[in-house]
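Listed below, chain by chain, are the residues.
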Amino acid sequence: MSAYKTYVTDVLIVGAGLAGERTAVEAAENGLDSIILSLVPPRRSHSTAAQGGMQASLGNCAMGEGDNPDIHFQDTVKGSDWGCEQDVARLFTETVPIAVRQMSHWGVPWNRVVAGKKTLPDGRELEEKKEKEGLITARDFGGTAFWRTCYTSDGTGHTLQYAMDSLVLKHGCTVHDRIEAISLIHDGEKCIGVVARSLRNGELIVYVAKSTVIATGGYGRLYGASTNAVINEGSGMFIAQDTGIVPLGNMEAVQFHPTGIVPVWILVTEGARGDGGYLLDKNHHRFMPDYEPKKKELASRDVVSRRMTQHIRAGYGVESEHGPHLWLDIRHLGKEHIYTNLREIANICKNFAGIDPANELIPVRPTQHYSMGGVRTNADGHAYGLKGLFAVGESACWDLHGFNRLGGNSLAETIVSGMVVGKKVSEYTLGASLEYSEQTIKDEVTKQENRIKDLISGKNGNENVYKIRGEMEQTLMNYVGIFRKGEDLQTAVDKLQELHQRAQKVGLQSSGEGANPELASALRIRGMVRLALCISYGALQRTESRGSHAREDYPKRDDENWLKRTLAYWPEGAELPQLDYEPVTITELPPGDRGYGEHAG
Amino acid sequence: MLSQRILTKNPKADAYLDAIEMATGICLVSFLWAHMLFVSTIILGPEVFNGLSEFFDIYLLSYIGVPAIAIIGLIHFVVAGRRIPTNIRDQKIIWQHAKQLRHTDTWTWIFQAITGMAILVLAALHIWAISTGWPIRAESAAERMQAFWWFYLILLALGEYHASIGLYRVFVKWGWFPRKPIFFVLKVVTVIIVALGLGAMWVFLQLGGAA
Amino acid sequence: MGNRTLTFKIFRYNPQKPEVKPYMQEYKLEEVSGMTIFVALNKIREELDPSLMFDFVCRAAICGSCAMVINGRPTLACKTLTKDLPAKISLLPLPVFKLVGDLAVDTGTWFRDMAIKTEAWVHTTKEFDPTALEERMDNKTAQEIYEPDRCVECGCCVAGCATANIRADFLGAAGINRVARFMLDPRDERSPEEYYEVVGAEEGAFGCMGLMACDDNCPMEIPLQTQLSFVRRKMLAQGLKLKTEKVAL
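To start, this report covers the structure provided alongside it.

Cut-offs applied
Numbers given to residues run from 1 along each chain, matching the order in which its sequence is written. Chains carry letters and ligands carry numbers; both start at the beginning, A for chains and 1 for ligands, and go up in the order they are written. Local features in this predicted model are restricted to residues of pLDDT 70 or higher, and side-chain atom pairs are both shown and tallied only at a pLDDT of 80 or more, whereas totals for entire chains, interfaces and linings draw on every residue. For the side-chain quantities, the full set of heavy atoms in the structure was used; hydrogens and water were omitted. Throughout, a contact is declared for two residues whenever any of their heavy atoms are within 4.5 Å. By convention, the term buried area covers the 1.4 Å-probe accessible surface removed from two parts as they join, with the contributions of both added. Here, a salt bridge means any side-chain nitrogen of Lys or Arg that lies within 4 Å of a carboxyl oxygen of Asp or Glu. Definition of a polar contact: a pair of N or O atoms within 3.5 Å, with one able to donate and the other able to accept a hydrogen when the atoms are protein atoms, and with sequence-neighbouring residues admitted only if both atoms are side-chain atoms. Put simply, DSSP H or I for four residues or longer makes a helix, DSSP E for two residues or longer makes a strand, and each gets a number counted from the N terminus. The classification used treats Ala, Val, Leu, Ile, Met, Phe, Trp, Tyr, Cys and Pro as nonpolar, Asp, Glu, Lys and Arg as charged, and all other residues, Gly among them, as polar. Only buried residues count toward a nonpolar core, which is a set of Ala, Val, Leu, Ile, Met, Phe, Trp, Tyr and Cys residues joined through side-chain atoms within 4.5 Å. Each residue's exposure class comes from its accessible area (1.4 Å probe, protein chains only) as a fraction of the maximum for that residue type: buried when under 20%, exposed when over 50%, partly exposed otherwise. Bear in mind that the domain bounds are from an automatic or database domain assignment. When DSSP finds at least two bridges between two strands, those strands are taken to pair. Orientation is described by axes fitted as lines to C-alpha atoms, over the contacting stretch for helices, and by angles from 0 to 180 degrees between their N-to-C directions.

1. Here's the deal with the interface of chain C and chain B
Then, in step 1: Residue-level contacts link 40 residues of chain C with 36 residues of chain B.
Then, in step 2: Across the interface of chain C and chain B, roughly 3200 Å² is buried in total on both sides, 57% from carbon and sulfur atoms.
Then, in step 3: The largest share of the area that chain C buries against chain B comes from I166, M209 and L211 of chain C, three residues that together contribute 19% of it.
Then, in step 4: The interface formed by chain C and chain B includes 5 salt bridges.
Then, in step 5: Note that D216 of chain C and R179 of chain B form a salt bridge whose closest N and O atoms lie 2.3 Å from each other.
Then, in step 6: Our count for the contact surface shared by chain C and chain B stands at 15 residue pairs in polar contact (both at pLDDT 80 or more).
Then, in step 7: Contributions of two or more residues to the side of chain C that touches chain B are made by strand 4 (73-76), helix 5 (162-166), helix 7 (192-199), helix 8 (213-217) and helix 9 (224-241) of chain C.
Then, in step 8: Considering each element in turn, the side of chain C that touches chain B owes the most residues, 7 residues, to helix 9 of chain C.
Then, in step 9: Here the residues of the side of chain C that touches chain B are counted per class, giving 20 nonpolar, 12 polar and 8 charged.

As structure tokens, this is what we get:
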């Protein structure tokens with residue numbers, strides 16, 4: 001084993017998106033030292049891409065009047081199709097108004113209430129009250145009873161991340177960017193830190209910490225068509241699962257966003273529909289009211305995505321070389337609104353599709369967007385199985401979202417979980433001591449060094465990493481999409497098992513020297529295929545439909561047998577995840593009808 | 001920070017330099033344009049031109065004005081010239097940068113530096129020429145023009161280019177107007193001034209030819 | 001269209017291996033409809049040369065990772081469509097920033113240093129009160145703050161800036177724009193004197209020569225001229241007001 005650099009800190013945070021940075025700020029405010037590792041500079045994190053907004057029941061705008069955390073709680077639980085942890089949802093909805101105001105205190109230029117009368121695109125009239133003028137306003141999002149989504153035009157994630165990162169700078173938290181954690185160091189009971197690889201020069205670095213927080217975001221890039229950034233490969237999830245003792249929760253719960261632009265799969269924010277945009281079919285007919293007379297385009301995301309797919313299957317899709325799609329129409333919102341409040345959308349349409357949305361229709365189709373599942377933690381954010389390991393944000397299954405996340409609840413979760421879990425991390429860390437055996441670290445480094453050596457030398461084979469990756473992406477796209485069937489899922493599991501075998505026989509085409517990008521991909525591929533297997537196998541076993549998990553062969557929600565959460569472990573040497581189940585915490589709202597979508601069975 | 005840096009720190013200096021660059025520049029542009037208007041009175045006839053010239057002499061404006069402008073010009077040269085890279089490596093970077101970027105405003109700045117230096121030399125010669133042939137009258141000017149028309153053609157072109165682009169840059173830097181419209185306005189002004197200058201030169205050449 | 005063969009000339013250099021001098025490498029690709037430089041570079045990496053280094057994150061012109069010099073101009077590679085380019089495409093890494101390898105540059109460190117130098121966070125003496133309503137703000141003010149806050153720190157303005165190319169300590173348009181963002185923010189309690197400390201010098205507002213390559217090359221179309229001149233005017237007004245005390249030796 002060659003020499004390696006070691007860093008020691010109190011709190012090690014893997015991932016510098018909003019959740020990771022909020023955790024670092026909380027740790028800093030508790031007097032703790034922290035190091036944040038990030039694949040990219042923090043301000044490039046995928047959190048910045050969240051355009052639409054952050055849900056908080058402030059009730060300042062006219063259409064939000066009467067809103068409160070209770071109603072936000074109910075919307076969240078219904079949205080999750082009763083798959084979420086209700087104690088977590090309660091804590092979340094009570095905290096999020098404070099989080100929004102704190103972010104305002106830290107510099108986010110939230111859009112504010114402007115007093116006066118307004119006419120909405122659908123003709124409704126409303127009046128913003130004088131006494132609310134200047135308070136944080138909100139827009140409409142799917143699956144919510146009130147207008148509750150706070151925003152800064154359509155760069156909400158961007159302004160939040162920039163404000164959060166400014167706090168990180170102010171507190172002097174250490175950030176190491178272009179560093180990728182490739183495995184956790186643990187002794188079977190406690191997490192000691194990570195082995196990381198520098199994406200600047202390829203060297204291995206050891207980080208040792210009293211507590212380790214995974215904040216690496218989602219795994220969108222397992223799917224061929226995803227709105228996610230290219231760095232969203234689920235790395236935090238699979239390095240946790242690789243320990244064999246930390247389970248991933250509800251991996252089969254995958255959200256498809258109704259409006260990804262065809263064929264570049266870049267997201268058009270829900271704000272487009274929230275602000276009054278329509279979905280049209282090939283006859284330019286607005287079809288959503290036919291399926292969902294009450295919520296129309298603004299039912300929850302899983303429902304809208306399913307209705308769109310259903311409508312396309314009924315032959316109403318617009319044919320194109322990239323397969324059938326539907327139209328998103330925001331022309332009636334007017335140039336001024338589009339070029340100010342929805343400017344990013346206008347830019348994206350112009351840059352990537354050559355379309356001016358003020359005059360033209362936008363081609364859209366449901367696209368993989370969010371992973372509800374992740375590293376299973378308790379309400380404190382502490383991961384199951386290992387002491388000193390925490391997870392926050394999308395990479396965690398804290399379980400705020402159950403089987404479907406509401407739009408605007410993900411940004412909100414990143415910050416609230418950073419606050420809440422950050423506090424718990426601090427409490428834990430203040431009481432923890434740094435005890436570890438040097439041998440544990442050496443063993444892990446040697447293991448990783450050998451992995452790298454084998455990949456470079458081609459000792460295990462010469463499978464092409466990009467080929468395996470492409471086949472995995474296609475398998476998930478074709479067989480584990482919006483509507484699922486037992487036979488398709490079985491096909492996916494079989495294919496992915498084959499890919500899992502091949503992923504262990506990867507050999508590099510290039511030299512693998514230094515910051516070689518092929519080596520980085522090769523180090524991830526096995527973990528990614530395992531995540532894909534967790535999704536497919538979990539979906540195959542779950543013989544009901546709940547939220548985003550829609551089985552055509554089991555179209556009803558089955559609370560009697562399936563009101564429970566999947567836990568997927570990966571024991572050393574296994575070919576398939578080992579599934580376990582745990583009950584869902586229900587404290588207030590017993591399972592019932594969501595008020596939209598297919599009725600509960 | 002190094003102790004000599006702390007001791008020599010003058011936070012006002014950079015602001016003043018920037019203000020001086022702008023103020024002297026505006027002075028020189030105003031002078032140039034006024035000068036060209038006065039010179040072009042020759043188009044209205046030698047009497048008008050000589051009358052104006054005598055008027056300036058009587059009130060001693062020329063005797064104050066010429067040295068004053070020369071000094072302002074020198075100050076402007078030194079202050080604005082501080083931006084020109086003096087080492088070879090930076091020079092190379094700038095040229096390479098401009099060639100690669102193919103960006104109008106970057107090229108105009110390079111030309112600005114070049115024309116600025118050329119104007120320093122040409123204007124000095126011009127001042128020397130007029131002061132040795134004092135007073136300025138239509139006839140003497142016509143003689144100069146006859147002999148050195150190519151010199152004045154170059155000075156007119158460089159001077160007006162430098163003035164217009166310089167003024168444009170002042171507007172850009174201080175943001176009093178949006179830059180696209182102001183660029184257009186300055187182009188129009190330049191055309192007028194150059195036309196006047198050329199007109200005056202033509203009349204002088206006719207006069208000189210007649211003499 | 002659609003069946004052009006594109007020739008990419010790509011800058012290759014790995015600072016880890018200084019013995020191999022920088023060179024331009026050629027790759028040929030068939031153009032497909034809707035092809036961007038993002039699509040093309042990934043194709044090159046996956047099919048022709050897995051060692052090629054470049055950066056992409058969001059691939060939707062939101063994150064600012066993929067700025068590079070395309071046919072001479074700094075811009076975001078993800079939103080550059082090959083159909084808008086000639087069949088010969090040259091790709092260089094952004095100048096000014098430290099090279100990581102090939103087309104990847106370290107904009108992160110540069111921007112972090114800039115943010116620390118300008119103390120780019122809201123300076124306030126107020127404590128956050130979790131029980132109180134948020135402080136009110138005019139929506140117009142919020143939108144004015146958002147305008148410069150939209151900067152994605154891609155570095156195109158810095159790469160295109162003649163001053164930044166020769167002065168390592170120059171804050172660049174991105175830096176001055178960042179300061180403008182806090183000047184516009186009523187929550188930031190810094191006085192003009194304090195801002196003057198940050199940008200009232202040749203390294204800041206007065207270093208700009210007004211070439212406006214920043215404004216012309218900004219992929220986010222932020223009105224940088226407006227932001228730069230706003231800061232310059234404020235700083236001049238402050239600079240002329242300053243009284244300096246001489247240190248007696």
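So much for the structure itself; the text now carries on.
2. So, the nonpolar core
Then, in step 1: Residues F8, I37, L41 and L91 of chain C are the most contacted members of the largest nonpolar core, which totals 131 residues.
Then, in step 2: Both of domain 1 (5-104) and domain 2 (119-248) of chain C provide at least three residues apiece to this core.
Then, in step 3: Those residues in contact with I37 of chain C that lie beyond four places of it in its chain are F8, F56, M68, I70, A77, T80, T82, L85, I89 and L91 of chain C.
Then, in step 4: Counting 77 residues, the second-largest nonpolar core is a separate cluster that includes I182, V465, V480 and A532 of chain A.

3. Regarding the sheet that holds strand 3 (residues 67-70) of chain C
All names here are of chain C.
Then, in step 1: One open sheet accounts for 5 strands, arranged 2-1-5-3-4; its pairing is mixed. Whereas interior strands pair on both sides, the edge strands pair on one side only; in this sheet they are strand 2 (23-30) and strand 4. Each strand axis lies, on average, 35° off the axis of its neighbour in the sheet, ignoring direction.
Then, in step 2: For strand 3 and strand 4, the ladder comprises 4 bridges, and the chain directions are antiparallel. By the bridge assignment, V69 is partnered in strand 4 with P74.
Then, in step 3: Across the sheet, helix 1 (residues 37-48) lies against strand 1 (5-12), strand 2, strand 3 and strand 5 (88-92), angled at about 100° from strand 2, the strand it touches most.

4. Comments concerning the interface of chain C and chain A
Then, in step 1: Contacts between chain C and chain A engage 67 residues on the former and 74 residues on the latter.
Then, in step 2: Buried surface at the junction of chain C and chain A, both sides included, amounts to about 5600 Å², of which 52% is carbon and sulfur.
Then, in step 3: Applying the counting rule to chain C against chain A returns 33 residue pairs in polar contact (both at pLDDT 80 or more).
Then, in step 4: Its residues assigned to classes, the side of chain C that touches chain A shows 33 nonpolar, 11 polar and 23 charged.

5. Brief notes about the sheet that holds strand 22 (residues 578-583) of chain A
All names here are of chain A.
Then, in step 1: Across the sheet, 5 strands lie side by side as 18-16-11-21-22; this open sheet has mixed pairing. Both edges of this open sheet fall to strand 18 (396-397) and strand 22, since each of them pairs with a single strand only.
Then, in step 2: The pairing of strand 16 (residues 374-376) with strand 18 spans 2 bridges and is parallel. Opposite V375, over in strand 18, you have A396 as the bridge partner.
Then, in step 3: Along the sheet, helix 15 (residues 517-541) makes contact with strand 11 (248-249), strand 21 (564-569) and strand 22, crossing strand 22 at roughly 60°.

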